[in-house]
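# Results of the structural survey
Take a look at the letters that make up each chain.
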Amino acid sequence: MPRLSDRTRLIASATRRGEGRRPVNPPIERASTMLSDDPASMQDATPGPIYGLDGTSAARELRTALADLEGASEAFLVPSGLAAVTVPLLALLRPGDEVVTSDAIYGPTRRFLTRHLAARGIATRFHPADSSTADILALCAERTRVLLIESPSSLTFEIVDMPALTAACRTRGVLTVMDNTWAAGLALRPLEHGVDVSVQAITKYVAGHSDLLMGAVAVQDCEVARAILHTIEDMGWHVSPDDAWLALRGLRTLPLRYNEALKSALLVAEWLQIQPEVERVLFPPLPGSVGHDLWRRDYSGGAALLGVVMKGGDKASAHALMSALDLFGMGYSWGGFESLITHETPQLAHRLYKPDLPGQLLRLHIGLEDPADLIADLENGLEAWRALQDSNLQHPA
Ligand SMILES: *Cc1c(COP(=O)(O)O)cnc(C)c1O
């Protein structure tokens, strides 16, 4: 039988579970202590978890489904998306090792590299976000143990040639860890392209409802899997049964939500890029955008996240635009059902290699609202932006 499509597999994993009369969904089992029938079987993990930290049914079912989605032998759950990035780094790096990553890496990941790891003798070399494959590889030196990839990158959406990088890293003994949150484990299977560890923030699209924090770490190689398991065990990290249950519920409808949001995001992006106030839209699925060619080659979908580079403007005009919107919430994170807007120019200050943008950078997350309503809302935002530009022209500071 041919491989079933992802949307079928994610649902079939529920209907195929178990035998006899049963609920579609696993029960929520809140447990620290698990009881055994007799003293001899207390240490036997075959009939199920020995202790709550091992995870109860929803967590186990979620792990199996995520491993299946990523084409992994194992998927582990950790308490946040950030922990999904930090766990493999803690597991694989030793003092004296080095990491190579993009200057446009997710902010809290950068903080972990420059604060926690640096203090423990593990240095990071940052490459410019738009580096070529050759330039990234040239940064990998004798002590480089891990290449950390996030593609598209945070805020500016550059895409690296991941298959070329992983192939080269394999010959040099450099492990690759990829933050695959943007693809939600759905639009790209990094392990199939030779990545050693694929991680994602379940918080975003899998959860899908802005109501929980979780991360997943997917691996193929059993030695890497063991190192990651040991780190999770040693740290005592755990996800709650309720959160695992909610994440599993989100996972069933992931492909529908993800693909619908992408369709809307394309409509909004096409509209935005012809507005006179907008310089360009950073959105790899959009023809002509940064990253579009590699996106078309490697990805089967994308997150509904748009970088909007305005023509000029300042903090006041960005804030005026945001305040004029009714449907876009002002909030961090993304992947939920709701549309969001953030002002990102201040975040770019952390970069070593500043991107050359002619104006303010906003980020939109397109949710599941009707895109026509979102465009009408954005029209009001642009009007507020224009009004401020005009009054600045009339009364220059
Ligand atoms: C949000 C995000 C994370 C972290 O997820 P949390 O659950 O919020 O810790 C990691 N990587 C990327 C690319 C993200 O967007």
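The rules we used
- Residues numbered from 1 in each chain as written.
- Predicted model: local features only at pLDDT ≥ 70, side-chain atom pairs only at ≥ 80, totals over all residues.
- Heavy atoms only, no water.
- UniProt positions renumbered as here; feature names shortened; annotations may be inferred.
- 1 Å grid on protein atoms, 1.4 Å probe; cavity = no way out; pocket = protein on both sides within 12 Å on 5 of 7 lines; lining within 4 Å.
- Points joined across faces, edges and corners; volume = space filled by probe spheres on them.
- Nonpolar A, V, L, I, M, F, W, Y, C, P; charged D, E, K, R; others polar.
- Domains from an automatic or database assignment.
- Helix = DSSP H or I, 4+ residues; strand = E, 2+ residues; numbered from the N terminus.
- Axes fitted to C-alpha atoms, helices over the stretch in contact; angles between N-to-C directions.
- Parallel < 35°, antiparallel > 145°, perpendicular 65-115°, else oblique.
- Left-handed = near helix turned anticlockwise from the far one by under 90°.
- Contact = heavy atoms within 4.5 Å.
- Buried area = accessible area lost by both parts, 1.4 Å probe.
- Salt bridge = Lys/Arg side-chain N within 4 Å of Asp/Glu carboxyl O.
- Polar contact = N/O pair within 3.5 Å; in protein donor to acceptor, adjacent residues only side chain to side chain.

Under an unreviewed UniProt entry, the name given to the protein chain is Cystathionine beta-lyase, and the source organism is Brevundimonas pondensis. Looking at the Sequence similarities (unreviewed entry) heading of the UniProt record, one finds this comment for the protein chain: "Belongs to the trans-sulfuration enzymes family." According to the UniProt record, the Pathway (unreviewed entry) comment for the protein chain is "Amino-acid biosynthesis; L-methionine biosynthesis via de novo pathway; L-homocysteine from L-cystathionine: step 1/1."

### Examining the layout of surface pockets
Its volume calculated, the largest pocket comes out at about 890 Å³. Considered class by class, the residues forming the lining of the largest pocket number 15 nonpolar, eleven polar and nine charged. Composition of the lining of the largest pocket by domain shows at least three residues from each of domain 1 (6-252) and domain 2 (254-394). The calculated volume of the second largest pocket comes to roughly 390 Å³. Along the wall of the second largest pocket there are 19 residues; nearest its centre are Leu 53, Asp 54, Gly 55, Arg 63 and Ile 232. Put simply, the parts of the chain that give the lining of the second largest pocket at least two residues each are helix 2 (57-70), strand 1 (74-78) and helix 7 (222-235). Residues that form the lining of the second largest pocket fall into these classes: eleven nonpolar, four polar and four charged.

### Some words on the packing of helix 2 against helix 8 (residues 241-252)
Relative to each other, helix 2 and helix 8 sit at 40°, their axes nearing to 8 Å. The pairing of helix 2 with helix 8 is recorded here as oblique in orientation. Regarding helix 2 and helix 8, the two cross each other, and that crossing is left-handed. Taking contact as the criterion, the partners of Ala 58, Ala 59, Glu 61, Leu 62, Ala 65, Leu 66 and Leu 69 in helix 2 are, on helix 8, Pro 241, Ala 244, Trp 245, Ala 247, Leu 248, Leu 251 and Arg 252. Here the contact of helix 2 with helix 8 is composed, by residue class, of twelve nonpolar, no polar and two charged.

### Some words on the domain arrangement of the protein chain
Split into domains, the protein chain comes out as domain 1 (6-252) and domain 2 (254-394). Placing a centre on the C-alpha atoms of domain 1 and another on those of domain 2 gives a separation of 28 Å. Each partner contributes residues to the interface: domain 1 has 39 residues there, and domain 2 has 41 residues. Each partner contributes to the roughly 3300 Å² buried at the junction of domain 1 and domain 2, and carbon and sulfur atoms together form 65% of this total. The largest per-residue losses of area from domain 1 upon contact with domain 2 belong to Leu 155, Trp 182 and Tyr 205, which jointly make up 26% of the total buried on that side. Taken together, domain 1 and domain 2 are joined by one salt bridge. For Arg 297, the salt bridge goes to Asp 161, with nearest N and O atoms at 2.6 Å. Counting the contacts that link domain 1 with domain 2 gives 17 residue pairs in polar contact (both at pLDDT 80 or more). Looking at the side of domain 1 that touches domain 2, the element that brings in the most residues is helix 8, giving three residues. Of the residues contributing to the side of domain 1 that touches domain 2, the split by class is 22 nonpolar, ten polar and seven charged.

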